[in-house]
Amino acid sequence: MDFDALFARQLDALKQEGNYRVFADLERRCGSFPRAGNHKDGALRDVTIWCSNDYLGMGQHPTVVNAMVEAVQSCGTGAGGTRNIGGTNHHHVLLERELADLHGKEAALLFTSGYVSNWAALSTLGSRIPNAVILSDEKNHASMIEGIRHSRADKVLWKHNDWRDLDRKLHAVGDRPKIVAFESVYSMDGDIAPIREIVEVCEAHGALSYIDEVHAVGMYGPHGGGVTEELGLAHRIDLIEGTLGKAFGCVGGYITGSTPLCDFIRSFASGFIFTTALPPAVAAAAAASIRHLKASGAERAAQQDRVRRLRARLDAAGIPHMANGSHIIPVMIGDPVKCRMISDILMNDWGIYVQPINYPTVPKGTERLRITPGPLHSDADIDHLVAALSALWKRCAVAHAVA
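As a starting point, this report considers the structure included with it. (Residues numbered from 1 in each chain as written. Predicted model: local features only at pLDDT ≥ 70, side-chain atom pairs only at ≥ 80, totals over all residues. Heavy atoms only, no water.)

With their axes 11 Å apart at the nearest point, helix 13 (residues 336-350) and helix 14 (residues 379-395) run at an angle of 125° to one another. Comparing their axes, helix 14 and helix 13 come out oblique. Crossing geometry of helix 13 relative to helix 14 is assigned as right-handed. Along its contact with helix 13, which presents I342, I345, L346, D349 and W350, the element helix 14 presents H384, A387, A388, L389, A391, L392, W393 and R395. (Axes fitted to C-alpha atoms, helices over the stretch in contact; angles between N-to-C directions. Helix = DSSP H or I, 4+ residues; strand = E, 2+ residues; numbered from the N terminus. Parallel < 35°, antiparallel > 145°, perpendicular 65-115°, else oblique. Left-handed = near helix turned anticlockwise from the far one by under 90°. Contact = heavy atoms within 4.5 Å.)

Structure follows, in C-alpha cells:
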C-alpha cells in the first residue's frame, strides 16, 4: 500500500474544506509581550499576538523568568526521569503545596500537561472505581473525552451547562458510583458553567464532582484560584483540575483534592507513573507565578479592563462576537475558508496574529477568531485590531452584527 499517497489524499481533502492548519513561525521576545517576531519567506517582522493562552503575560514576568533561570543554574535542565525512578525534586513538592493551598485542598499532583492530567485522572477514576458511570457535559474538552473513553466506564452525556438535565440523568443512573465531569470556563465559546447548581445536584446524588478550571486558574478569584474560588465553592468540589500552561505562563497540568484521592491517582494512573516529570526549573517558575498571582490582583484587573474595552469597540463597529462572562472573545465568521483568509490578511497586511478556529475544534458552520485580550494590550493595539476587522468585514463580505 502507498501510505504516503493515502496521507496526501486526506490532507488534500482537509485543505479543500478549509480546515488544514498552518502554523505561524513566531519568536516570542522576553519583555515585549504581546509583540513577537514572525519568520516568513526569509524575513522577520513584528506582529501583535491576540490569541495567546498566556492570558496575563506571566510567561515573561521577571519574577517567573528569574525563578526559572535560578532553578536551571542550581538543578540543571531535566528531571532525570519519572518521579518513581528519577526521584521527586524538591521543586515538585513545593509546587504541589502551592497548588493545594491555591484551591484550599489537602493535596495536589503534577502532570506534564493539562491534557495528561485530565486523561490520566478520569481514566483512572473510571477504571478503578467498580461499576462507575461518568456523566460528562457534552462540550467537555477532548482530554476529558479521551480519559473517559480510555477508562471504559459507562458514559452518560448531559446537555451543555444544563444542571436540570444532569439531575434527571443522575437520578436515572440509580445507586451506582457516579462521577460528574465538567468545566468552569469553556475555551471556545467562553461561557461559564452554573457551578453552584451543578455542585448541589452532585451533592444530592452523592456523585463525585470533577471540574476542569484550565481556562480559569490565575484569572478569577481573589487569589487566582479560578471560578470556584470566586464563587466560594472550591471546598464543595471533590477534584479541581488545572494547568500551569495558560494564565500561569509555564507548562504542566495538575489535580487537587483530598489526600486519599491524589494518592490514589498517583498510585494507579499510567499517565503519571510512566511519564518523565516536569523539569525542576519549570516547577520553580510555576510556583513563583502562582505565588505572585495569589498576592497581586493587578494583572487580573488590567486584563478585565482590556476585555471590556475591546468588546465595546467591537460593538460600536458592528463586529459580531459571542456574549459570555469570561475573558474569551469569539468573533464569529461561520465559514472555514473566510476564517482562514481573514486570519492570513490580518497577519500579512496588518501585523495581527489571530489563529482561525475551525472544525474539529468547533462544529462546522461556527468557525471563528478566538481573541484573548491581555493586560499588556494598549488602547492603540485595540484600535488597530478593530480597524483591521472593520476593513476586512467589508472586504470579505462577512455579516455585521445587528444592533
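Tallied over the entire structure, the rule returns three aromatic pairs. Directly above the ring of F268 sits R128, whose terminal nitrogen or CZ lies 3.8 Å from the centroid. Taking NZ or CZ as reference, K364 lies 4.9 Å from the ring centre of Y359, over its face. (Phe/Tyr/Trp six-rings, centres within 6.5 Å; stacked < 30°, edge-to-face > 60°. Lys NZ or Arg CZ within 6 Å of the ring centre and 35° of its normal.)

Another aspect to go through is the sheet that holds strand 13 (residues 356-357). In space, the three strands of this open sheet follow the order 11-14-13, with antiparallel pairing throughout. Only two strands of the sheet have a single partner each, and these edge strands are strand 11 (329-332) and strand 13. Both strand 13 and strand 14 (residues 368-371) contribute to a ladder of two bridges, which runs antiparallel. The residue bridging P356 from the neighbouring strand is L369, located in strand 14. The strands that helix 12 (residues 298-317) touches are strand 11 and strand 14; relative to strand 11, the one it contacts most, it runs at about 20°. (Pairing = 2+ DSSP bridges.)

This next bit is on helix 11 (residues 280-295). The terminal C-alpha atoms of helix 11 lie 23 Å apart, and with 16 residues this matches the ideal 22 Å at 1.5 Å per residue to within 8%. In terms of burial, helix 11 is a largely internal element, 14 of the 16 residues being buried. (Expected span 1.5 Å × (residues − 1). Buried < 20%, exposed > 50% of the residue type's maximum accessible area, 1.4 Å probe, protein only.)

Turning to unusual backbone geometry, a few remarks are in order. Along the chain, F33 connects to P34 via a cis peptide bond; the corresponding omega equals 15°. Mapped onto the elements of the fold, P34 is located in the loop between strand 1 (26-28) and strand 2 (35-40). At the junction of Y359 and P360, the peptide bond is cis and its omega measures out at 10° in the coordinates. Residue position: P360 is located in the loop between strand 13 and strand 14. Positive phi outside glycine occurs at D41, with the angle close to 55°. Tracing the chain through its elements places D41 in the loop between strand 2 and strand 3 (43-49).

Taken together, the side chains of M1, F3, F7, L11, L14, Y20 and V22 define a hydrophobic patch exposed on the protein surface, amounting to about 700 Å² of accessible area. Structurally, the position occupied by F3 is in helix 1 (residues 3-17). (Patch = residues over 30% accessible without salt bridge, like charges linked within 9 Å, V, L, I, M, F, W, Y side chains within 5 Å. Areas by Shrake-Rupley, 256 points an atom, 1.4 Å probe, with all protein chains shown as cover. Salt bridge = Lys/Arg side-chain N within 4 Å of Asp/Glu carboxyl O.)

Here we have four strands laid out as an open sheet, ordered 1-2-3-12, and mixed in their pairing. What marks the edges here is a single partner per strand, and that holds for strand 1 and strand 12 (352-353). Summarising the sheet, strand 3 and strand 12 pair through two bridges and their orientation is parallel. Bridging from a neighbouring strand, I49 pairs with Y353 of strand 12.

Grouped together as the largest cluster of nonpolar side chains are 51 residues, with contacts concentrated most on L95, V180, F182, I195 and L244. For this core, the element with the most residues is helix 11, which contributes seven residues. Beyond its immediate stretch of four places on either side in the chain, F182 contacts D137, N140, M144, W158, A193, I195, I198, Y210, I211 and D212. Counting 30 residues, the second largest nonpolar core, distinct from the first, contains I329, I333, L346 and W393. (Core = buried A, V, L, I, M, F, W, Y, C linked by side-chain atoms within 4.5 Å.)

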